[in-house]
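Residue-level structure breakdown
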Amino acid sequence: TYRGLLLITAPSLTNLIPVNVCVEAFLQVGQHTWERCDTAAALLRRGCPSHRLEDPRGSAVLVKNRNVTFRSGRRRGGRGGRVTQLQPQTVRLHLRPGEPQSFEVRFRRVEDYPVDLYYLMDLSFSMEDDLPNVKKLGADLMEEMRNVTSDFRMGFGAFVDKTVMPFISVAKDMLENPCKRTEPWPCSPPFTYRHILSLTADGGVFARLVGGQRVSGNLDWPEGGMDALMQAAVCEIGWRNVTRLLVFSTDAGFHFAGDGKLGGVVLPNDGLCHLQGNEYTRGNSQALTSEVVMENSKLPPGYHISYASRCEDGGPGPGGRGRRCSGISVGDEVSFNVSITAPPCAAASRGPLRVVIKPQGYSEEVEVLLSPICECSCQKDMIPHSPSCSHGNGSLECGACRCKEGRVGTFCECVKEEADEATDSRLCRRDNSSEVCSGHGECVCGRCVCQKGGQKPQRLYYGPFCECSDRSCGQHRGLQCAGHGRCVCGECVCLPAFGGAACECPLGSESCLSADGQICGGRGECRCGACICRDERFQGRTCELCPSCPDVCAAHRGCVLCRAFSLGLSPEECGRRCAHLNLTLVGHPGVLATAAPSAGLHRCMEVDTEGCRVHFALSAGEKEPSACAHVALERECPSGPNVMLITAVLSGSVVVLGVALLLLWKLLTSLHDRREFARFQSELERRRWNRVNNPIYRSAITTVVNPKYKEH
């Protein structure tokens, strides 16, 4: 059983605050009729008798409330009567603004409920290797569904693609056999969608037709499955008003909107059935689920609806803005919290309004009749010519007088023609320079009828001349009278511990106490709960901070040096400025470390004018007129330079540097000499000429060969 809680509310004219009406004539002269409307507690405080308090309440009436059916009664051979899966069927809600009304919605998917299933199969050529399994899937699906319900019918259809280029080839032989083969059998001509078998309970016919299908072919990868889905949904193929399922079997994607423009198809799908001879004729011109999704009809203007689902696992459903629960089996329970908000009475219709809530995909629905309560029942108890209205000069209606023609006033006490505007205006002015009723009301019969301030009903004006308001006092930090008082006729009446025009000033000094218990640390005055420091250098909540002030040690450095070591200040100036310092001399700085630590003890180390470190312990506060100092006479002065060591180091450095320079000079000289000697030897070798080639050399022997010698 699926159970949901439906919450329907209607807002009021006062921001969803439940407003009641006192039907007792308890208004005073000068009060408006709307002042009889307020919360019940406020009206009782103002003196309205409880039995005269008009407090209409909303209600929920179950008009039709048949119980849900647990079985359809068909499996055991019963004929099966009316099946009810949704309870209640009709609810009438009387809605008071700001008061929610609720009722329980129960939903249960009935066991053995009739089911119609349509099997839509892809017969493109890419499905050839999967066709045996797809055929077997159809038969297995029908057999399995018979185990779920005995009232089961199944139909069958197929699709390929749009029969125009470039989705298929328009050649004559390709239109007859798009696969170009004859064995084991030729392919079927292409088609967009073909309805083969209407919904039937004959499983043999379904298995025979599915098993006899042959594949066809197209050119591109996507198929025309969306066209087939549209036609299977809108065409009359035997659908009953029961659970409808569609199984879509394919191995490829589908064409998206706009793909048809490639083939010259520009008209959008009209959502109508276009089957002739069980085949889709407009392809070239234009799931088994375990999910519950709640939906509703169009709401009246100004109304708002929201859903919150609690599914089987106890958590909210995924997505769908609280309308959805997935993974639901027969017998599982889910719930939906449905909230409907109505507009204010000024915008809401007075007659009954109808809203239909139903689970998506199911024919059953919950009819919700909305009747906003925008009038009080006391209006039917009107007292004509009531004595409470100036001896019958009006009718008492819901605690207020409705005056006769020509009569005005809260109790119809004035005659409209006799009322003199000038006289009334004078009586409604505080003085000659003021406005009528201080500009915050109307003068009726010589008396001021004060109005509300703006759109906030709590901003009331009152007084003989509407001169007072409890919302016109000064504010501090966004709070009227700083939240420490109340506003009376434009002035703050503060609590005893606060003062000021807006009660913003605490009269006590607790907020000005410093850590040592003094007011503002002794450096300032406490005014209006805050410290005003006398010395501009000090700041902070209690004048405890002084970023530019020296520390205690630095402040007493000059006096310690002049008193203990006669350094720095002159004797006259030292005696004048440092008389407050009580000086005690000790020997070694280590003695100062043995002093027990205390809150006012400061261990100091300062550098004197000679560069020596001076150690002293100081017992003094920042404000105390006198101080005690224990000064170590042994100063830590830096030692002088070691002349012998410096001389030895410098002398040794000069010697080492000289030897290094000599060695470097000797090395460079030797390298230069070797290079020059090698060049000299090379020149000598080049000057040794061969005697044969010397043109100056002449041998002393001349040999002449007689050419005739060999002949003899």
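Residues numbered from 1 in each chain as written. Predicted model: local features only at pLDDT ≥ 70, side-chain atom pairs only at ≥ 80, totals over all residues. Heavy atoms only, no water.

Spelled out, the test is: UniProt positions are given in the numbering used here, feature names are shortened, and annotations may be inferred rather than shown by experiment.
An unreviewed UniProt entry lists the protein under the name Integrin beta, from Salarias fasciatus. Quoted verbatim from the Sequence similarities (unreviewed entry) field of UniProt, the annotation for the protein is "Belongs to the integrin beta chain family."

A closer look at the overall build of the protein
Selection rule: The helix count covers DSSP runs of H or I at least four residues long, the strand count covers runs of E at least two residues long, and both are numbered beginning at the N terminus. Throughout this description, buried means an accessible area under 20% of the type-specific maximum (1.4 Å probe, protein chains only), exposed means over 50%, and partly exposed covers the range between. The method behind every accessible area is Shrake-Rupley, applied with a 1.4 Å probe, and residues are considered shielded solely by the protein chains displayed.
Regarding its fold elements, the protein presents eleven helices and 40 strands. Expressed as a percentage of the 712 residues in the protein, the buried residues total 36%. Counting every atom, the protein has about 42000 Å² of accessible surface; 54% of that belongs to carbon and sulfur.

A closer look at unusual backbone geometry
Located in the positive-phi region is Cys520, a residue other than glycine, with phi close to 55°. In this structure, Cys520 sits in the loop between β34 (505-506) and β35 (524-527). Relative accessible area serves as the criterion here: at 0%, Cys520 is assigned to the buried category. With a phi angle near 55°, Cys528 is a residue other than glycine that sits in the positive phi range.

Here we look at a nonpolar patch on the surface
Basically, it comes down to this: Think of a patch as exposed residues, more than 30% relative accessible area, with no salt bridge, where like charges cluster within 9 Å and nonpolar side chains (Val, Leu, Ile, Met, Phe, Trp, Tyr) cluster within 5 Å. A pair is scored as a salt bridge if a Lys or Arg side-chain nitrogen falls within 4 Å of a carboxyl oxygen belonging to Asp or Glu.
On the surface, a nonpolar cluster with roughly 580 Å² of combined accessible area is contributed by Leu657, Leu661, Leu664, Leu667, Leu668 and Leu671. Tracing the backbone through its elements, the reader meets Leu661 in helix α11 (residues 643-687).

Quick word on the side chain of Thr192
Rule in force here: Here a polar contact is taken to be a pair of N or O atoms separated by no more than 3.5 Å, where protein atoms must pair a possible hydrogen donor with a possible acceptor and residues adjacent in sequence count only if both atoms sit in side chains.
Secondary-structure assignment places Thr192 in the loop between α3 (172-176) and β11 (193-200). When its relative accessible area of 4% is taken as the criterion, Thr192 is described as buried. Polar contacts involving the side chain of Thr192 include one to the main-chain carbonyl oxygen of Asp161, which spans 3.3 Å.

As for the sheet that holds strand β15 (residues 292-296)
Threshold: Each pair of strands is called paired provided DSSP finds at least two bridges between the two strands.
Strands sit in the order β5-β7-β20-β19-β15-β17 across an open sheet of six strands; the sheet is mixed. The open sheet is flanked by β5 (59-64) and β17 (324-325), the only strands paired with a single partner. Sheet topology note: the β15/β17 ladder contains two bridges and is antiparallel. Among the inter-strand pairings, Val292 is bridged to a residue of β17, identified as Cys325.

What about the pairing of strand β10 (residues 152-159)?
With eight of eight residues buried, β10 is to be regarded as a mostly interior element. As paired elements, strand β9 (residues 115-122) and β10 share eight bridges and run parallel to each other. In the strand pairing of β10, Leu117 is matched with Met154. Of the pairings in the sheet, the one linking β10 to β11 comprises five bridges and is antiparallel in character. By the bridge assignment, Phe156 is partnered in β11 with Leu197.

Describing the state of the cysteines
The condition that has to hold: Note on terminology: disulfide denotes any pair of cysteine sulfur atoms within 2.5 Å.
Following the criterion strictly, the structure yields 14 disulfides and no others. With a sulfur-sulfur separation of 2.0 Å, Cys481 is cross-linked through a disulfide to Cys492. What sets the handedness of the Cys481 and Cys492 disulfide is the S-S torsion sign, and at about -90° it is left-handed. Of this pair, Cys481 sits in the loop between β30 (479-480) and β31 (485-488) while Cys492 sits in strand β32 (residues 491-494); the two residues are eleven residues apart in sequence, bridging distant segments of the chain. Cys481 sits in the buried class, given a relative accessible area of 0%. A disulfide bridge connects Cys562 with Cys574, and the sulfur atoms are separated by 2.0 Å. Residues Cys562 and Cys574 are joined by a disulfide whose S-S torsion is about 70°; by sign, that bridge is right-handed. Of the two residues, Cys562 sits in helix α8 (residues 557-565) while Cys574 sits in helix α9 (residues 571-577), which places them twelve residues apart along the sequence.

Description of the side chain of Asp116
Mapped onto the elements of the fold, Asp116 is located in strand β9. Among the polar contacts listed, one links the side chain of Asp116 to the side chain of Arg153, at a separation of 3.5 Å.

Some words on the packing of aromatic side chains
Put simply, the test is: Side-chain rings of Phe, Tyr and Trp, where Trp is taken by its six-membered ring, are said to pair if the distance between their centres is within 6.5 Å; with planes under 30 degrees apart they count as stacked, over 60 as edge-to-face, and otherwise as tilted. Definition used: whenever NZ (Lys) or CZ (Arg) falls within 6 Å of the ring centre and also within 35 degrees of the ring normal, the charge is taken to sit over that ring.
According to the stated counting rule, one finds three aromatic pairs in the structure shown. A ring pair is formed by Phe159 and Phe248, whose centres lie 5.2 Å apart and whose planes are at 10°; its orientation type is stacked. Within this pair, whereas Phe159 is found in strand β10, its partner Phe248 is found in strand β12 (residues 243-249), the two being separated by 89 residues in sequence. On the basis of relative accessible area, Phe159 is assigned to the buried category, the value being 0%. The ring of Phe565 has Arg635 sitting right over it, with the charged end atom 5.3 Å from the ring centre.

Comments concerning the pairing of strand β22 (residues 400-403)
Inspection of the sheet shows strand β21 (residues 394-397) paired to β22 by four bridges, in the antiparallel sense. For Gly394, the partnering residue across the bridge sits in β22 and is Cys403. With antiparallel pairing between neighbouring strands as the criterion, β21 and β22 make up a hairpin whose turn holds two residues, including Cys398 at a positive phi of roughly 55°.

Focus on the pattern of salt bridges
This model, assessed by the stated rule, comprises eleven salt bridges. Across the pair Asp608 and Arg635 runs a salt bridge whose closest N-O atoms are separated by 2.5 Å. Here Asp608, found in the loop between β38 (601-607) and β39 (613-619), pairs with Arg635, found in the loop between β40 (627-632) and α11; they are 27 residues apart in sequence, far enough to count as distant. We classify Arg635 as partly exposed; its relative accessible area is 25%. When salt bridges with common partners are traced through the structure, they connect Asp116, Arg153 and Arg240 into a single cluster.

Thoughts on the sheet that holds β38
Which entries qualify depends on this criterion: With axes taken as lines fitted to C-alpha atoms, and helix axes fitted only over the stretch in contact, angles between N-to-C directions fall between 0 and 180 degrees.
As summarised here, the arrangement of the four strands in space is β37-β40-β39-β38, forming an open sheet in which the pairing is mixed. Looking at which strands have only one partner, the edges of the open sheet turn out to be β37 (581-586) and β38. Within this sheet the neighbouring strands show an average axis-to-axis angle of 25°, counted without direction. Of the pairings in the sheet, the one linking β38 to β39 comprises seven bridges and is antiparallel in character.

Observations regarding helix α5 (residues 225-234)
The condition is simple: In this description, the arc belongs to the directions extending from the helix axis to the C-beta atoms.
Regarding α5, the residues found buried are Gly225, Asp227, Ala228, Gln231 and Ala232. Along α5, the residues classed as buried sweep out an arc of 155° about the axis, all on the same side.

A look at the environment of Arg577
Selection criterion: By the convention used here, residues are in contact when the closest approach between their heavy atoms is within 4.5 Å.
You can see Arg577 is positioned in helix α9. The sequence separation of Arg577 and Cys559 amounts to 18 residues, and the corresponding C-alpha distance is 7.6 Å. Not counting chain neighbours up to four residues away, the residues in contact with Arg577 comprise Cys559 and Leu569.

Some details on the nonpolar core
Formally: Only buried Ala, Val, Leu, Ile, Met, Phe, Trp, Tyr and Cys residues count toward a nonpolar core, and they belong to the same one when joined by side-chain atoms within 4.5 Å.
Counting 28 residues, the largest nonpolar core has Val368 and Leu370 as the members making the most contacts within it. Leu123, Phe152, Cys187 and Val247 belong to the second largest nonpolar core, which has 23 residues in total.

Comments concerning the confidence of the model for the protein
Here is the rule: The predictor attaches a confidence to each residue, and that confidence, scored 0 to 100, is pLDDT.
Considering every residue of the protein, the mean pLDDT works out to 76; 78% of them sit at 70 or more. Contacts of residues 1-17 to residues separated by more than four positions or lying in other chains number 88 contacts, the stretch itself having pLDDT below 50. Residue range residues 75-79 is modelled with pLDDT below 50. Its contacts to residues more than four positions away, or to other chains, number ten contacts.

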